[in-house]
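Residue strings, one per chain:
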Amino acid sequence: MPVEPPPQRAPAPPAPGRPVVRRRPAVRRRPGRESPPWILLYHSVTDTAGRPADPYRITVSPGLLDRQLRWLRDRGLRGVAVGELLRARAAGRAAGLVGLTFDDGYADFLTGALPLLRRHDCTATVFVLPGRTGGLNSWDPRGPRRPLLTEDGIRAVAAAGMEVGSHGLLHQDLTTADPVTRERETAVSRARLAELTGRAPDGFCYPYGGVDARAVAAVRAAGYGYACALDPGPLTGRHALPRVHIGAADTPWRLSLKRALHPLRRRTLPPDETPFPGPATPFGPGNPPSPAATATPGGTR
């Protein structure tokens, strides 16, 4: 026989002259969800004195990077490659770790950033363009022109203990690309990096930060374990991780503000996106890119 619950007591009326305080219900995060990791986005690291204008804000001086890495260290934080960060989160060991990424694969990473990363005991993910090795950032119409890593430079980055990821083959926007181009930018770039470094990359970075459902699907199909964007909104997940841009104006005060705002501005990760499976499977006889994707467009380098 069911037992009826006891009647609920009506709340007592407020005392005369005392204001009524209405408590808001506590906001509970859904089980299995967590905020995405804090991942910083850099580009070029070189001296800015006497250089041309930097309209896209892609440049940080070595001195400023040194101060920013020291700011992390002074707060008990350490910068690491994104793959390392995600594996640590999956194992419950990510406390105090911050993701460091360098987009476009500028040649000055080896001279401007790498010595400072070593000084501060950091690692990083460098997202490179295997279809433009030794070229220039010609996709930026307003410049400034910067040389990109050569094939030997990409191998040197990997040999230095940094993570090499793909930024596409030629830095093309996947949200406006046709299916064959999307596959070239994702699958073919991954295959070429596997040939260069001996290992297929785990990570992909969306050119221009542009991401939609088709781009995410192409990255998943190419076998990447994760991908980085800028502000992916409802697509936030392991294949669309948000990042915060770091530029020449980011003083310690601004870094503190960006760190505080990160969990408030970003969507939580879906439960099935929280784990990280580990190193991605390289291309081989049983997992080749399609013939249409491997056709190299004319005029590339």
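Within each chain, residue numbers correspond to sequence positions counted from 1 in written order. In keeping with the predicted nature of the model, local features appear solely for residues at pLDDT of at least 70, side-chain atom pairs appear and are counted solely at 80 or more, and the whole-chain, interface and lining totals rest on all residues. Note: side-chain values were computed over all heavy atoms of the structure, leaving out hydrogens and water.

### A closer look at the layout of surface pockets
- By volume, the largest pocket is sized at about 340 Å³.
- Method remark: on a 1 Å grid restricted to protein atoms, a set of points is classed as a cavity if a 1.4 Å probe fits but cannot get out and as a pocket if it is open with protein on both sides within 12 Å along at least five of seven lines; lining residues have an atom within 4 Å of a point. As for the largest pocket, its lining consists of 19 residues, of which H43, Y56, I58, Y208 and L230 are closest to the centre.
- Residues are grouped as follows: nonpolar covers Ala, Val, Leu, Ile, Met, Phe, Trp, Tyr, Cys and Pro; charged covers Asp, Glu, Lys and Arg; every other residue, Gly included, is treated as polar. Considered class by class, the residues forming the lining of the largest pocket number nine nonpolar, five polar and five charged. Grid points are joined across faces, edges and corners, and a volume is the space filled by probe spheres set on the points.

### Brief notes about empty space enclosed by the protein
- Within the structure shown, the criterion is met by two cavities of 30 Å³ or more.
- Here the second largest cavity defines a volume of roughly 30 Å³.
- Partitioning the lining of the second largest cavity into residue classes produces five nonpolar, two polar and two charged.

### Concerning the side chain of K258
- Counting from the N terminus, the helices are the DSSP runs of H or I reaching at least four residues and the strands are the DSSP runs of E reaching at least two. Within the element layout of this structure, K258 appears in helix α7 (residues 252–265).
- Here a polar contact is taken to be a pair of N or O atoms separated by no more than 3.5 Å, where protein atoms must pair a possible hydrogen donor with a possible acceptor and residues adjacent in sequence count only if both atoms sit in side chains. A distance of 2.8 Å separates polar atoms of two side chains, one belonging to K258 and the other to D250.
- Ignoring sequence-local partners within four residues, the contact set of K258 consists of W38, V244, H245, I246 and D250. By the convention used here, residues are in contact when the closest approach between their heavy atoms is within 4.5 Å.

### Comments concerning helix α2 (residues 82–90)
- Buried, partly exposed and exposed residues are distinguished by accessible area as a fraction of the type maximum, computed with a 1.4 Å probe on protein chains only: under 20%, between the cut-offs, and over 50%, respectively. Those residues of α2 that fall on the buried side of the exposure criterion are V82, G83, L85, L86, A88 and R89.
- Where α2 ends, the next residue or the one after it, G92, has phi of about 75°, a positive value.

### Considerations on the pairing of strand β1 (residues 39–42)
- Of the two faces of β1, the one lined by I39 and L41 and the one lined by L40 and Y42 are each fully buried.
- Two strands pair when backbone bridges link them, and β1 and strand β5 (residues 97–102) are joined in this way by four bridges, in the parallel orientation. Within β5, the position partnered with L40 by the bridge is L100.
- Bridge count between β1 and strand β10 (residues 244–245): two bridges; the pairing is parallel. When the bridges of β10 are listed, L41 appears paired with H245. The pairing criterion for strands is at least two bridges between them, as found by DSSP.

### A look at the pattern of salt bridges
- Criterion for a salt bridge: a side-chain nitrogen of Lys or Arg within 4 Å of a carboxyl oxygen of Asp or Glu. The full count for this structure, using the stated rule, is 11 salt bridges.
- For D202, the salt bridge is made with R199, and the minimal N-O distance between the two is 2.8 Å.
- A residue is classified by how much of its surface remains accessible, and D202, at 2% relative accessible area, is buried.
- Residue K258 pairs with D250 through a salt bridge whose shortest N-O separation is 2.8 Å. Grouping residues by exposure puts K258 and D250 together as buried.

None of this, on its own, says anything about what the molecule does.
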